[in-house]
Amino acid sequence: MRKWFTVEATVIIMCWGSCVQFEFTEEQKMIRTMADEFARDHGGSERIRAAMASSLGYDMETWLSLGELGLAGLLIGADQGGQGLGPVEMALVHEALGRYLISGPMLASGVIAATFLAGLKSQELTLMQSMASGELRVALARFADGQSLFVLDAHHADCLLACIDDTAYIVYRNEAGEFPGIAVERLTMLDQTRVLSHLNMVELTPDAQKLSEGSEVTQAYQDGLAMGRLATAAEAVGAAQTCLMRTVEYAQEREQFGRKIGSFQALKHELANVMVNTEAAISAVYFAACTAAESPDALYQMAALARVQASEALTHAAGRMIQLHGGVGFTWEHDAHLYFKRARGTATLFGSNASLDEAIAASILGDAA
Amino acid sequence: MKLTFTDEQEQFRAEVAGWLEDKLSGDFADIRGITSQTEAAQRRLEWEQALGVAGWSAIGWPRQYGGRAADLSQQVIFAEEYARARAPGRLGHMGVELAGPTILNFGTDAQKKRFLPKMSAGEEMWCQGYSEPGAGSDLSNVRTKARLEDGPQGEQWVLDGQKIWTSLAQFADWCFVICRTQEGSQGREGLSYLLVPMHQKGIEIRPIRQMTGEADFNEVFFDGAVTAVENIVGEPGQGWQVAMGTLAFERGVSTLAQQMHFRNELNEIVNQAKLNGASDDVLIRRRIAQAWRGLQAMRASALRMLSGADEGALSGPQFTYKIYWATWHRTLGELAMDVLGQSGEVASDDYTFPDLPRMFLFSRADTIYAGTNQIQRNLIAERALGLPKEPRG
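Keep in mind it's a predicted model, so treat the numbers as computed, not measured. (Residues numbered from 1 in each chain as written. Chains lettered and ligands numbered in written order. Predicted model: local features only at pLDDT ≥ 70, side-chain atom pairs only at ≥ 80, totals over all residues.)

## Section: the pairing of strand E4 (residues 174-180) of chain B
Residue and element names in this part refer to chain B. Short version of the rule: Exposure criterion: with C-beta atoms placed from backbone coordinates, a residue whose C-beta has 20 or more other C-beta atoms within 10 Å is buried, one with 12 or fewer is exposed, and one in between is partly exposed. Secondary structure elements follow DSSP: runs of H or I no shorter than four residues count as helices, runs of E no shorter than two count as strands, and numbering proceeds from the N terminus. Between any two strands, pairing holds if DSSP finds at least two bridges.
Counting buried residues in E4 gives 7 out of 7 residues, a clear majority hidden from the surface. Burial along E4 is two-sided: Trp174, Phe176, Ile178 and Arg180 and Cys175, Val177 and Cys179, pointing in opposite directions, are all buried. Here strand E1 (residues 126-129) runs beside E4; their pairing, made up of 4 bridges, is parallel. Note on E4: the bridge partner recorded for Trp126 is Trp174.

## Focus on the environment of Asn200(A)
Residues and elements named next belong to chain A. Rules: Note on contacts: residues are paired as contacts if their backbone-placed C-beta atoms lie within 7 Å.
As for its position among the elements, Asn200 is in strand E6 (residues 196-201). On a C-alpha basis, the gap between Asn200 and His156 in space is 16 Å, while along the polypeptide they are 44 residues apart. Leaving out residues up to four positions away in the same chain, Asn200 has contacts with Gly146, Gln147, Ile182 and Ala183.

## A short note on the nonpolar core
All names here are of chain A. Our working definition: To form a nonpolar core, buried Ala, Val, Leu, Ile, Met, Phe, Trp, Tyr and Cys residues must be joined through C-beta atoms within 7 Å.
Leu230 and Val285 are the most contacted members of the largest nonpolar core, which totals 225 residues. Considering every element that reaches this core, the biggest residue donor is helix H8 (residues 215-253), with 19 residues. Setting aside residues no more than four positions away along its own chain, Val285 makes contact with Ala91, Ala233, Ala234, Val237, Ala306 and Ala310.

## With respect to H8(A)
So the rule is basically this: Given the number of residues in a helix, its expected span is that number minus one, multiplied by 1.5 Å.
Given a rise of 1.5 Å per residue, 39 residues ought to cover 57 Å, and the 57 Å separating the end C-alpha atoms of H8(A) matches this to within 8%. Most of H8(A) is tucked away, with 29 of its 39 residues classed as buried.

## Here we look at the packing of helix H10 (residues 299-325) of chain A against helix H12 (residues 353-365) of chain A
All names here are of chain A. Short version of the rule: Axes, fitted as lines to C-alpha atoms, cover a helix only where it is in contact. Angles between the N-to-C directions of the axes lie from 0 to 180 degrees. Angles are sorted into four bins: roughly parallel if under 35 degrees, roughly antiparallel if over 145, roughly perpendicular if 65 to 115, and oblique for all others. Handedness of each helix crossing follows the sense of rotation of the near helix against the far helix: counterclockwise by less than a right angle gives left-handed, clockwise gives right-handed.
The interhelical angle for the contact between H10 and H12, taken along N-to-C directions, is 140 degrees, at an axis separation of 9 Å. Judged by the inter-axis angle, H10 sits oblique to H12. Where H10 crosses over H12, the two elements pack in a sense that is left-handed. In this structure, H10 contributes Gln301, Ala304, Leu305, Arg307, Val308, Ser311 and Glu312 to the contact, and H12 contributes Asn353, Leu356, Asp357, Ala359, Ile360 and Ser363.

## Here we look at unusual backbone geometry
One non-glycine residue, Leu101(A), adopts positive backbone phi at about 60 degrees. Tracing the chain through its elements places Leu101(A) in the loop between helix H5 (87-99) and helix H6 (105-118). Judged by the 26 C-beta atoms lying within 10 Å of it, Leu101(A) falls in the buried class. Although it is not a glycine, Ala40(B) sits at a positive phi angle of roughly 50 degrees. The topology assignment puts Ala40(B) in the loop between helix H1 (7-24) and helix H2 (41-54). In this structure Ala40(B) comes out as partly exposed when scored by C-beta crowding, with 14 C-beta atoms within 10 Å.

## Description of the domain arrangement of chain B
Residues and elements named next belong to chain B. The condition that has to hold: Segmentation of the chain into domains, including their bounds, is taken from an automatic or database domain assignment. Three categories are distinguished: nonpolar for Ala, Val, Leu, Ile, Met, Phe, Trp, Tyr, Cys and Pro, charged for Asp, Glu, Lys and Arg, and polar for the others, with Gly belonging to the last.
Along its sequence, chain B is organised into domain 1 (7-91), domain 2 (126-237) and domain 3 (251-384). Taken over C-alpha atoms, the centre of domain 1 sits 29 Å from the centre of domain 2. Residue-level contacts link 6 residues of domain 1 with 6 residues of domain 2. Its residues assigned to classes, the side of domain 1 that touches domain 2 comprises 3 nonpolar, 3 polar and no charged.

## Description of the sheet that holds strand E5 (residues 182-186) of chain A
All names here are of chain A. The 3 strands lie next to each other as E2-E6-E5, forming an open sheet whose pairing is antiparallel. In the strand order of this sheet, the two ends are held by strand E2 (147-152) and E5, each with one partner. Across the sheet, the axes of successive neighbouring strands diverge by a mean angle of 25 degrees, strand direction being ignored. The pairing of E2 with E6 spans 4 bridges and is classified as antiparallel. Paired with Ser148 across the strands is Leu199, a residue of E6.

## Observations regarding the sheet that holds strand E7 (residues 209-213) of chain A
Hydrogen bonding along the main chain pairs the strands of a sheet, whether they run parallel or antiparallel. Residue and element names in this part refer to chain A. Read from one edge to the other, the open sheet built from 4 strands follows the order E1-E3-E4-E7, with strand pairing classed as mixed. Unpaired on one side and paired on the other, strand E1 (138-143) and E7 mark the two borders of the sheet. With strand direction ignored, the average angle separating the axes of adjacent strands in the sheet is 25 degrees. As paired strands, strand E4 (residues 167-172) and E7 are joined by 4 bridges and run antiparallel to one another. Bridged to Ala168 within E7 is Ser212.

Here's what the structure looks like:
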């Protein structure tokens, strides 16, 4: 009976035709399959934990492989050595990476810095080509009063895009391996799968080369950050799906009172709630990516939508993952805390959920608080 | 992935919008924006017929039954424009959205010819006879019985029992009824799906006054009510399968129209907040943003459902959509009241309310009808997540 219902509902939807094209193209499906396989091969608890404990903070082999697959240059134009793909493909790749909490230069360099550079009139061809191949890792930082706080992946970046007011500079490491005039303080964060740093600009040395100035710098910076939010959102829905899947598996195995704990309605309803929020967040991320691909002007608001929706879904899913695993979910050995901490880090990276909601509200209400 | 429409589709949108605007600012201006199920019923019956004459009543149906054989995109466009134009809620909804598709899929040719043209023409209204006092969440527990007997025109079904929560029964010419046709059967076995004329001695309708003060629902009593032997969809004993097929139609294009309606409500809340200064409140601003996010997520989920963005038999939103929209809408009602403040609690002398406060009250039903939130969670856990099934008596 249940099976019949399933088949029937499907037939009804199929016979309506497929004219609304909110579905992935063949190329997008291929990218998704490739990214999923890649993430599965490079994920795994041991590998993620080894990366967390390393001074680099990520797995170098994983990053090199991403470069070989061409994924490092996903958003970089085909004429600049990249793939020339857009937000939808990016979201699919980051959703896959997020399932296993795989991090590395992809987000800071391949997404944020690449989007920033694409927004400048002067196209840095050599720079973009090296970024697309994965040889060069770039981080973006905006300084106010000589400081830039919580900068993603600056500690290992080969070069820094530094924005001061509406001027952008590029700073390479010197022979001593340092950014001249800029002190990097690597932070150990609650979420150890990402590395953030505080930057202190002692002086702007002549080594800093001016890239651009004017309003395009501010706009490009906002676009870079927004694209970063969208990628982070995609990673969060990937992570939320893992939380749900692993907790369901546990509920199907673990027995108490002589029955599988997943047969208790108290657990079922908790898990159902996680699925409801996760599915809504997946929808929001795909929708945001698709809308941003069609109307670049919508990127800022769509990224805010996706980021808050996904952040809240992951916070919920990871919290339930710990609770429904019971004592084992509280141990260091179990991965639940890694997802829980990723959820916390997601809620603050590139702006708090409250500030993004305020941006949405101001846009809807046509004012600014 | 593509969210934009083609030029041809945009032309169709303009045609739909033009027709609606013409009628709703002309002949039918008096019923524009009516959301209550029962208000101005006579005029809305005329509206159903106007839709039928112009061929806008059931556009997805084949032409021979009064449809336009419209594809999915056109149905989406029509549904969106209908809601955008604030056209009145459809008295013909139960027929066109539920009974019609069921007959199209499971009915005989004779049934299609007899029922569908009058349905799409707005000449015959329908209601749904599913729930009973003892068969709510446990729908398969229906006790209404039907037996075959000789009548003046040959064999006929004779029905005895009671249905409840039957919306629009007072305007309906026909009712599709699940009832037990096999003596002594239990649960999903032995049920049949009958089409029963409403205007007859053996049927009594009693309105149920609900917490809004209005009476959108009814009790329907069958006391020796009759219908012809051929008015059965599917075989005797297959009623459960046919009924579940009907429920599947509830998740379709109409969800997108519903969202447009929700968007109108959110817009109205935003307008009110700007007018009365609630929009300066940081918490209200956050809740407006949350509501907007939920609305976007629903739109995207509906598009995922309709276009099969996920491979596999059923995509996630097909399981999660009902509880998501119902809960979202209930929360929207609370936001509306917090924006309106105490003045939102003022009723008229006959205890009726403007749209937003009425929505606040009515949205308490959203998480109950068409599968309570609790039943939805069971379905999600068991069917989508594969957790062990509840023991069923």
